[in-house]
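Listed here are the chains, written in short residue letters.
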Amino acid sequence: MLKTESARLRHPAASHNFGGDLVASAVKLTDAPSPDGCSHPSGETDGFMKALFIGQTYIDVTFITDHMPTGDEKHVASDYAVSFGGNAVTAAFCCAKLGIVPDLIATVANDWLGRMFMDMSAKYAIEVHPRKVASSSLSFIMPKDGKRAIVRCRDDEHIHPFPLLNLGACRALHIDGHQPDAAIHYAKLCREAGILTSLDGGGLRTNTHELLEFIDVAIVAERLCEQMDLTPEKMLDYLKSRGCRVGGVTLGEKGLLWYDEAGTVHTLPALPIPREKVIDTNGAGDVFHGAYVYSYLANPGHSWAEHFKFARAASTFKIQRLGNEAGLPTLADIAAVREEYRAQV
């Protein structure tokens, strides 16, 4: 059941008080069933925010074809999937599937695709705080041979300001640079409150340099290195210079190059999955981010090396499934991947 709610919210934790009451408008998701295979630890759906994700919503249409028609040709794809999409949005669904349901500030249009997205969110009990746009955004994704070609149709002209939320018991923020005004606002608030801030640096955006000043964990894509004309090693130096205490570059089948809180550089190789098992690499990075945020929340005493190994297993599961939703792992799925590749884990 979807219910629009305007409420005056009080801060449950004095240490996270940002100056009194905030008025928040949100779409409240209630009576939503848990997705199959998803178990929520006790207290994870008590109404208090555990984590906040901010991003651009897409509906992803992913299809497999051996031929792209041109002119007046027609061709039938061999398989397809339709699911939610967007970097931080997919990461939020991953975190929810693993058992900690976050809040999500996401673009939502009042059209049938927007309603489809809200239905998808309700299935996972994700609290969506919508930011209205005129039209829903679409991605058409064609995976092939471990790569993926993407055509995007995007509306990022926000009709209203971003919602102001009570962070309360929030313990992590994950952003991807979309909604730049909201991203910088909440990154600053979370940094001041000692809440972990995480960035998916999938590409260069207008506020990337400024935003990194308020980021604790920055895991960026090789594409950002190319856009900034930096080697992965130089990118690590750049992230350190911006004050990110943990930073890394995802390198696809070459794994992750990253540094820890002491500045020591590490290499985390990708798991040696046979090429014939790789179906769809789109969303693998988003699942990686959602999984390490979950791991941090569920196991705060673990090292970042452990969080990233957990996330590596999650993304390995993802690339063997078509579409984002089918590629969301459960804890049992991640355990099975780690057991299968025990020698490398």
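Criteria and cut-off values
- Numbering of residues starts from 1 in each chain and follows the order in which that chain's sequence is written.
- Selection of residues for local features in this predicted model requires a pLDDT of at least 70, selection of side-chain atom pairs for listing and counting requires 80 or more, and totals for whole chains, interfaces and linings are taken over all residues.
- Side-chain metrics rest on all non-hydrogen atoms present in the structure, leaving aside hydrogens and water.
- When a carboxyl oxygen of Asp or Glu is within 4 Å of a side-chain nitrogen of Lys or Arg, the pair counts as a salt bridge.
- Summary of the burial criterion: residues with accessible area below 20% of their type's maximum are buried, those above 50% are exposed, and those between are partly exposed, where the area comes from a 1.4 Å probe applied to protein chains only.
- Helix and strand definitions here come from DSSP, where helices need a minimum of 4 consecutive H or I residues and strands a minimum of 2 consecutive E residues; each element is numbered from the N-terminal end.
- For a helix, the expected span equals 1.5 Å multiplied by the number of residues minus one.
- Residue contacts follow a heavy-atom distance rule, with two residues in contact if any of their heavy atoms lie within 4.5 Å.
- Pairing between strands requires that DSSP locate at least two bridges from one strand to the other.
- All axes are obtained by fitting lines to C-alpha atoms, using only the stretch in contact for helices, and the reported angles, taken between N-to-C directions, cover 0 to 180 degrees.

*Asks:* So, the pattern of salt bridges: which residues are in play, and what are the values?
*Replies:* Side chains that differ in charge, positive against negative, can pair when their charged atoms come close. Under the criterion given, the structure shown has 12 salt bridges. One salt bridge in this structure joins Arg154 and Asp156, with 3.6 Å as the shortest N-O distance. Notably, a salt bridge pairs Glu339 with Arg342, separated by 2.1 Å at the nearest N-O pair. When its relative accessible area of 47% is taken as the criterion, Glu339 is described as partly exposed. Note on Arg342: relative accessible area 54%, which makes it exposed. Put simply, Arg191, Asp216, Arg245 and Glu261 are held in one network by salt bridges that share partners.

*Asks:* Quick rundown of helix α3 (residues 180-193)? Include the residues and the values.
*Replies:* Structurally, the α-helix is built with 3.6 residues per turn, so residues lying three or four positions apart point the same way. An ideal rise of 1.5 Å per residue puts 20 Å on 14 residues; α3 measures up with 20 Å between its terminal C-alpha atoms. Along α3, the residues classified as buried are Ala182, Ala183, Ile184, Tyr186, Ala187, Leu189, Cys190 and Ala193. Elements that come into contact with the buried residues of α3 comprise β3 (52-55), β6 (103-109), β7 (127-133), β10 (172-175), β11 (196-201) and α4 (208-212). Once α3 ends, the next one or two residues include Gly194, with phi positive near 75°.

*Asks:* Provide a residue-level description of the pairing of strand β14 (residues 256-259), including the pertinent values.
*Replies:* In β14, alternate side chains face the same way, and those of Leu256 and Trp258 on one face and Leu257 and Tyr259 on the other are all buried. Sheet topology places strand β13 (residues 246-250) next to β14; 4 bridges connect them, and they run antiparallel. Bridge assignment links Gly247 to a residue of β14, and that residue is Tyr259. Both β14 and strand β15 (residues 265-268) contribute to a ladder of 4 bridges, which runs antiparallel.

*Asks:* I'd like a description of the sheet that holds β14, backed by residues and values.
*Replies:* The mixed open sheet is built from 9 strands, whose spatial order is β7-β6-β3-β10-β11-β12-β13-β14-β15. Sheet topology places β7 and β15 at the edges, where each strand pairs with a single neighbour. Shown here is a sheet whose adjacent strand axes are inclined to one another by a mean of 20°, direction ignored. Pairing analysis gives 7 bridges linking β6 to β7, with the strands arranged parallel. Following the sheet pairing, Ala109 is matched in β7 by Val133. Packed onto the sheet, helix α2 (residues 112-123) meets β6 and β7 and runs at close to 160° relative to β6. Across the sheet, helix α7 (residues 284-298) touches β3, β10, β11, β12 (217-221) and β14, and the angle it forms with β11 is around 170°.

*Asks:* I'd like a rundown of the sheet that holds strand β9 (residues 147-153), residues and numbers included.
*Replies:* Across the sheet, which stays open at both edges, the 4 strands sit in the order β5-β4-β8-β9 with mixed pairing between neighbours. Edge strands, defined here as strands with exactly one partner in the open sheet, are β5 (79-85) and β9. Taken pair by pair, the neighbouring strands of this sheet meet at an average axis angle of 20°, ignoring direction.

*Asks:* Could you give an account of the environment of Tyr296, with specific residues and numbers?
*Replies:* Inspection of the secondary structure puts Tyr296 in helix α7. Taking the relative accessible area as the measure of exposure, Tyr296 reaches 18% and is therefore buried. The sequence separation of Tyr296 and Glu306 amounts to 10 residues, and the corresponding C-alpha distance is 9.3 Å. In this view, Tyr296 contacts Arg171, Leu196, Trp304 and His307; residues no more than four positions away in its chain are not counted.

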